[in-house]
Amino acid sequence: ESFVSFPRSSSHSVNRHEVETMLEEAVLNGLLSHTIGGNVYRFSHDRVQQAAKSLVPYGEERNNLRSHIGMSLLDLYHKSRESNVVAQDPPDKDHKQANNNTTVVVVDSSMLFIAADHLNSVPMKDHLFIAKLNMEVAEHATNLGAPKSGLKYSHIAFDALSKIRTPWDRQYALTLGLHQIRADVELALGNFEVGYDLADEVCKHAKCTEDTLPVLIAKTAALGREDKKFESVQTSVKAAQSIGVYPKRGFIWSIVKELLWIKMYFRRHSDEYFLSLPIITDRKQLLSMRLLDQIVTYSGQADQFVQFLVAGVKAVRATIKHGICKHASMAFSFLSAMMLVQNDLNSAKRYSNLAMAIMDRTNGHGSGITTFYISATVRRLCNGPVSQTIALYDQGYHASMGHGDLESGFLCAYMSVFTAYHDGYPLQMVNNALRALTNEMKLYNISSNIHGIKRYKIFLSILMGEQVADWEQIALFGDTTESVTGNSDPISDKELLYPLINGYMLGMQLSVLCSKFEVGDRLSKKMRKLNLANVHSDEIRTVVALYTGLIAAGRYRETKNKKYLKQLRSMYK
């Protein structure tokens, strides 16, 4: 559809002057369009392109033409990369001739896709070439944030690979890379069973542990999307242990000792020192940091405190030893979280600012869910404007979605909505945002925290008068998935402690706001059966105590039963 002028040193068997003369003639006759000063020619209309194609008969002649076009474009694309010419889309009109003997070549990155489409349409016996070409295109599409295109080309590559005998033995690097790319794409698109099977295939045939890390990282993220946080943590911990970056056993006293050393180390060094650390380029170290990032993120969400501490300490140590990368911002966010636990807001603010600065330096916004969350929490606790906190979550949403980390993006969006509600934003605005979020999660097949979001929708609809409260349904908040999905599967207390707590808290809050203290009392009793001592959140324990006390006071006024007065007094103590 377009022609990009060749450099004078090009080895293509094309007379450059003759081609340019013919192109200018076509422009004068209205067949092609051309921007003055540019080097790209396009058909003036779809009908003109259609007529030009019809001049080439179907069969061998057309196949030869498409093969020639595809190979020429592919050759030009690769030559431009070898010459360190940056691919741009669209080409920059300001690129001009450097001198009389050379022409600057600007190559549209879509040239690779066009070349592949031409070559894929032609019968070809070289299955190895087709597999390599489509793997390259699939990887490029995935890096551009186009997983559906990546899936299309990975399927073509797999079909070509299937025609090669014993590919794992004869073409190990190609087969491994293709399985890694396709597993990543399948899991990103929510095709979990296919993705898990591909990951298992890689683990079965991999020659070394390091080769399994990319698929295990993708599998860990997919388990998180399915709201299987405990399984996600276990998978990433085993992977980290296999390469020696996570200990087989973690002892609290050694972790405390490490934390004290880290605290002293940070006192002796300035922020400028940490920001000037070298950027990590070693592949194994990058994969190690990514694994530790995942363990910190998912263990924090699953309230697995020991795993959170061990992975966080190891990430900080690795950053001090090797340097920074886009996942190193998590290490500083971890330290900020530790300072929040100790009520040291000044240190927490310092570490969160460092985390944001490292994320900016390494372009790590797409992998910084922990950083965005901790930084927003620090700003809120430091009495920063609510609009800044929400803006930070929105930034995290757009950055994560832009980099393909859908689960992190939706979590940021949910926290933005949650913060807006609790800080007095209009209910209609909050409800609309939550409805849009739910629709997007359905579109991308994200299950993480979906039950909690659906309960929250019910909560807001009742407060706004859009839905009549079904108090028997609300009394089941947290117990089963029946009230939101129609199923009656019990939720495991061990695996989903936070969803249980959040469900009960939401029901208790609604019962207080609507003066339905009897329902609140039932939920309060269920809450007391949970072991809140294992919940590492002062905020949750404070909110639970507040609503338990309000419900006890309400029930005492209704029944005059002194057990509620006794309960209220015990809460006060």
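Residues numbered from 1 in each chain as written. Predicted model: local features only at pLDDT ≥ 70, side-chain atom pairs only at ≥ 80, totals over all residues. Heavy atoms only, no water.

## So, the overall build of the protein chain
Of the regular secondary structure elements, the protein chain holds 28 helices and 3 strands. Put simply, 65% of the contacts in the protein chain that link residues at least 6 apart link residues at least 24 apart. Entry remark: accessible area of the protein chain is about 29,500 Å², with carbon and sulfur atoms responsible for 53%. (Helix = DSSP H or I, 4+ residues; strand = E, 2+ residues; numbered from the N terminus. Contact = heavy atoms within 4.5 Å. Areas by Shrake-Rupley, 256 points an atom, 1.4 Å probe, with all protein chains shown as cover.)

## Side note on helix 6 (residues 147–161)
The end-to-end C-alpha separation of helix 6 is 20 Å, in line with the 21 Å expected for 15 residues at 1.5 Å each. For helix 6, the full list of buried residues reads G150, L151, Y153, S154, A157, F158, A160 and L161. Buried residues along helix 6 sit against helix 4 (110–120), helix 5 (127–143), helix 7 (167–170), helix 8 (172–188) and helix 9 (192–205). (Expected span 1.5 Å × (residues − 1). Buried < 20%, exposed > 50% of the residue type's maximum accessible area, 1.4 Å probe, protein only.)

## A word on the confidence of the model for the protein chain
When the pLDDT values of the protein chain are averaged, the result is 81; 83% of them are 70 or greater. Contacts of residues 1–13 to residues separated by more than four positions or lying in other chains number 38 contacts, the stretch itself having pLDDT below 50. Across residues 85–107, where pLDDT falls below 50, the model places 39 contacts with residues more than four positions away in sequence or in other chains. (pLDDT = per-residue confidence, 0-100.)

## Notes on the packing of aromatic side chains
Working definition: an aromatic ring pair is given by the centre-to-centre distance plus the angle between the planes. Scanning all chains against the criterion turns up 17 aromatic pairs. Taking the centre distance of 5.9 Å and the plane angle of 90° together, the rings of Y421 and Y456 count as edge-to-face. Of the two residues, Y421 is situated in helix 20 (residues 406–422) and Y456 in helix 22 (residues 450–463); the sequence distance between them amounts to 35 residues. Under the relative-accessibility criterion, Y421 is labelled buried at 13%. (Phe/Tyr/Trp six-rings, centres within 6.5 Å; stacked < 30°, edge-to-face > 60°.)

## Regarding the environment of V386
Relative to the assigned elements, V386 resides in helix 19 (residues 386–402). Each C-alpha atom, one on V386 and one on T419, is 7.9 Å from the other, the two residues being 33 residues apart in sequence. The residues touching V386, leaving out its near neighbours within four places in the chain, are T419, D423 and Y425.

## Observations concerning unusual backbone geometry
Although it is not a glycine, T166 adopts a positive phi angle of roughly 40°. With respect to the helices and strands, the residue T166 is situated in the loop between helix 6 and helix 7. Among the residues examined, T166 registers a relative accessible area of 44% and is labelled partly exposed. Look at S515: it is not a glycine, yet its phi comes out positive at around 60°. Relative to the assigned elements, S515 resides in the loop between helix 25 (497–513) and helix 26 (517–529). On the basis of relative accessible area, S515 is assigned to the partly exposed category, the value being 44%.

## Here's the deal with helix 26
Taking 1.5 Å of rise per residue, the 13 residues of helix 26 would be expected to cover 18 Å, and the 18 Å separating its terminal C-alpha atoms lies within 8% of that figure. Those residues of helix 26 lying buried are F517, V519, G520, D521, L523, S524 and M527.

## Let's talk about the pattern of salt bridges
As enumerated under the stated definition, the model contains 13 salt bridges in all. Put simply, E472 and R522 hold a salt bridge, and the shortest N to O gap is 3.3 Å. On the criterion of sequence distance, the pair formed by E472 in helix 23 (residues 471–474) and R522 in helix 26 is long-range, its members being 50 residues apart. Accessibility expressed as a relative area gives 30% for R522, which makes it partly exposed. In this structure, R555 and E558 form a salt bridge, with 3.1 Å as the shortest nitrogen-oxygen distance. (Salt bridge = Lys/Arg side-chain N within 4 Å of Asp/Glu carboxyl O.)

## Points about the environment of A348
Here A348 is to be found in helix 17 (residues 345–361). Sequence separation of A348 and S336 is 12 residues, and the distance between their C-alpha atoms is 4.1 Å. Leave out the neighbours within four places in its chain, and A348 touches S336, M339, L340 and V378.

## Overview of the packing of helix 10 (residues 213–225) against helix 14 (residues 283–302)
Where helix 10 contacts helix 14, the two axes come as close as 11 Å, and the packing angle between them is 15°. When the axis of helix 10 is compared with that of helix 14, the two are roughly parallel. Considering the relative orientation of helix 10 and helix 14, their crossing is left-handed. Between helix 10, through L213, P214, I217, T220, A221 and G224, and helix 14, the contact on the second element is made entirely by R283, L287, R290, L291, Q294 and Y298. Grouping the constituent residues of the contact of helix 10 with helix 14 by class yields 7 nonpolar, 3 polar and 2 charged. (Axes fitted to C-alpha atoms, helices over the stretch in contact; angles between N-to-C directions. Parallel < 35°, antiparallel > 145°, perpendicular 65-115°, else oblique. Left-handed = near helix turned anticlockwise from the far one by under 90°. Nonpolar A, V, L, I, M, F, W, Y, C, P; charged D, E, K, R; others polar.)

## Here's the deal with a nonpolar patch on the surface
The grouping of I252, V256, L260 and V306 at the surface amounts to a nonpolar patch, some 330 Å² of accessible area in total. Top element by residues in the nonpolar patch is helix 12 (residues 252–268). It accounts for 3 residues. With respect to the secondary-structure elements, V306 resides in helix 15 (residues 305–322). (Patch = residues over 30% accessible without salt bridge, like charges linked within 9 Å, V, L, I, M, F, W, Y side chains within 5 Å.)

## Details of the side chain of T362
Relative to the assigned elements, T362 resides in the loop between helix 17 and helix 18 (369–381). Excluding residues that lie within four positions of it along the chain, T362 makes contacts with I324, C325 and K326.

## Let's talk about the environment of N502
Here N502 shows up in helix 25. Its relative accessible area of 38% is what places N502 among the partly exposed residues. Taking the C-alpha atoms as reference points, N502 and F477, separated by 25 residues in sequence, lie 8.7 Å from one another.

## Observations regarding the packing of helix 12 against helix 16 (residues 329–341)
The contact between helix 12 and helix 16 brings their axes to 12 Å, and the two run at 105°. Here helix 12 is positioned roughly perpendicular relative to helix 16, judged by the angle of their axes. Residue-level inspection shows L259, I262, K263 and F266 of helix 12 in contact with helix 16, the latter providing F332, F334, L335, M338 and M339. Residue classes in the contact of helix 12 with helix 16 are distributed as 8 nonpolar, no polar and 1 charged.

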